[in-house]
Amino acid sequence: KQEVTQIPAALSVPEGENLVLNCSFTDSAIYNLQWFRQDPGKGLTSLLLIQSSQREQTSGRLNASLDKSSGRSTLYIAASQPGDSATYLCAVRRWQGAQKLVFGQGTRLTINP
Amino acid sequence: EAGVVQSPRYKIIEKKQPVAFWCNPISGHNTLYWYLQNLGQGPELLIRYENEEAVDDSQLPKDRFSAERLKGVDSTLKIQPAELGDSAVYLCASSPGGTNTGELFFGEGSRLTVL
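Residues numbered from 1 in each chain as written. Chains lettered and ligands numbered in written order. Predicted model: local features only at pLDDT ≥ 70, side-chain atom pairs only at ≥ 80, totals over all residues. Heavy atoms only, no water.

(A) A look at the nonpolar core. Counting residues in each nonpolar core, the largest one holds 23 residues, and the members touching the most others are Leu33, Trp35 and Leu75 of chain A. Those elements that place two or more of their residues in this core are β3 (19-25), β4 (32-38), β5 (44-51), β7 (62-67), β8 (72-77), β9 (86-93) and β11 (107-112) of chain A. Ignoring anything within four residues of it in the chain, the contact list for Leu33 of chain A reads Cys23, Phe25, Leu48, Leu49, Ile50, Leu66, Ser73, Cys90, Ala91 and Val92 of chain A. Counting residues in each nonpolar core, the second largest holds 22 residues, with Phe21, Ile47, Ile79 and Tyr90 of chain B among its members. (Core = buried A, V, L, I, M, F, W, Y, C linked by side-chain atoms within 4.5 Å. Buried < 20%, exposed > 50% of the residue type's maximum accessible area, 1.4 Å probe, protein only. Helix = DSSP H or I, 4+ residues; strand = E, 2+ residues; numbered from the N terminus. Contact = heavy atoms within 4.5 Å.)

(B) Layout of the interface of chain B and chain A. Contacts between the two partners involve 27 residues from chain B and, on the opposite side, 23 residues from chain A. Interface area, chain B with chain A, both sides summed: about 1,800 Å², of which 44% is carbon and sulfur. Taken together, chain B and chain A are joined by one salt bridge. Counting the contacts that link chain B with chain A gives six residue pairs in polar contact (both at pLDDT 80 or more). Counting residues per element, the ones that place at least two in the side of chain B that touches chain A are β4 (31-37), β5 (44-50) and β9 (88-95) of chain B. Here the side of chain B that touches chain A is built from residues that sort into eight nonpolar, 12 polar and seven charged. (Buried area = accessible area lost by both parts, 1.4 Å probe. Salt bridge = Lys/Arg side-chain N within 4 Å of Asp/Glu carboxyl O. Polar contact = N/O pair within 3.5 Å; in protein donor to acceptor, adjacent residues only side chain to side chain. Nonpolar A, V, L, I, M, F, W, Y, C, P; charged D, E, K, R; others polar.)

(C) Fine view of unusual backbone geometry. The residue after Ile7 of chain A, namely Pro8 of chain A, is reached through a cis peptide bond having omega 5°. Structurally, the position occupied by Pro8 of chain A is in the loop between β1 (4-7) and β2 (10-14). Cis peptide bonds are those with omega within 30 degrees of zero, and the linkage from Gln80 of chain B to Pro81 of chain B qualifies with -5°. Unusually for a residue other than glycine, Lys71 of chain B sits at a positive phi of about 65°. In this structure, Lys71 of chain B sits in the loop between β7 (65-68) and β8 (75-79). Relative accessible area serves as the criterion here: at 81%, Lys71 of chain B is assigned to the exposed category.

(D) Expanded view of the pairing of β11 of chain A. Residue and element names in this part refer to chain A. Side chains of β11 alternate between two faces, with Thr107, Leu109 and Ile111 buried and Arg108, Thr110 and Asn112 left unburied. In this structure, β2 lies alongside β11, joined through five bridges in parallel fashion. By the bridge assignment for β11, Pro14 is matched with Asn112. Here three bridges tie β9 to β11, and the two strands are oriented antiparallel to one another. Each bridged residue has a counterpart across the sheet, and for Thr87 the counterpart in β11 is Arg108. (Pairing = 2+ DSSP bridges.)

Right under this line is the structure:
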């Protein structure tokens, strides 16, 4: 059974810092991995999707990497801003046909002005 | 392009009452999901539809939960009767399905409080 873990559960940093959020998964036989952002009381917004054949994806100040063999992904946020404050969740899809995402518990990020 | 639309956004009911949530996926998306999200946790899949067929409902508590997706577009998730432990956010998501990347798009969720 695939298990996804995100550490730390919460993180607070000053504005302007670069930071890394971690995601680990127990079964390396994944099809892809997706990072989401969730603001309080809101749904999930897709940030980046990495296929199993890819090593990283970039969007603006965000960079997500994937190391399938070690069961890890990181989300790098450059020059953090107060507007980046949210909960960040990662989710893995086991294989193409399954179309099922298994989520981590999320990391609650607070950027202090 | 409109995103995934859910209603109601909030619902407060007393235990043993019924409740229903509605979801309209992104136009053209064949795959629709209902997820349950408890406070401080990641979402957990309740049921997945491919068009009008429920292809994965193994996590759906069938004694009180039911879902339908008539005509393969909109979907309704029902709880009857609701219990205190059902208080959570119910998220609907959709994806194009088939051999695409499988990226999911979520609605804003329906927050249920059972008193």
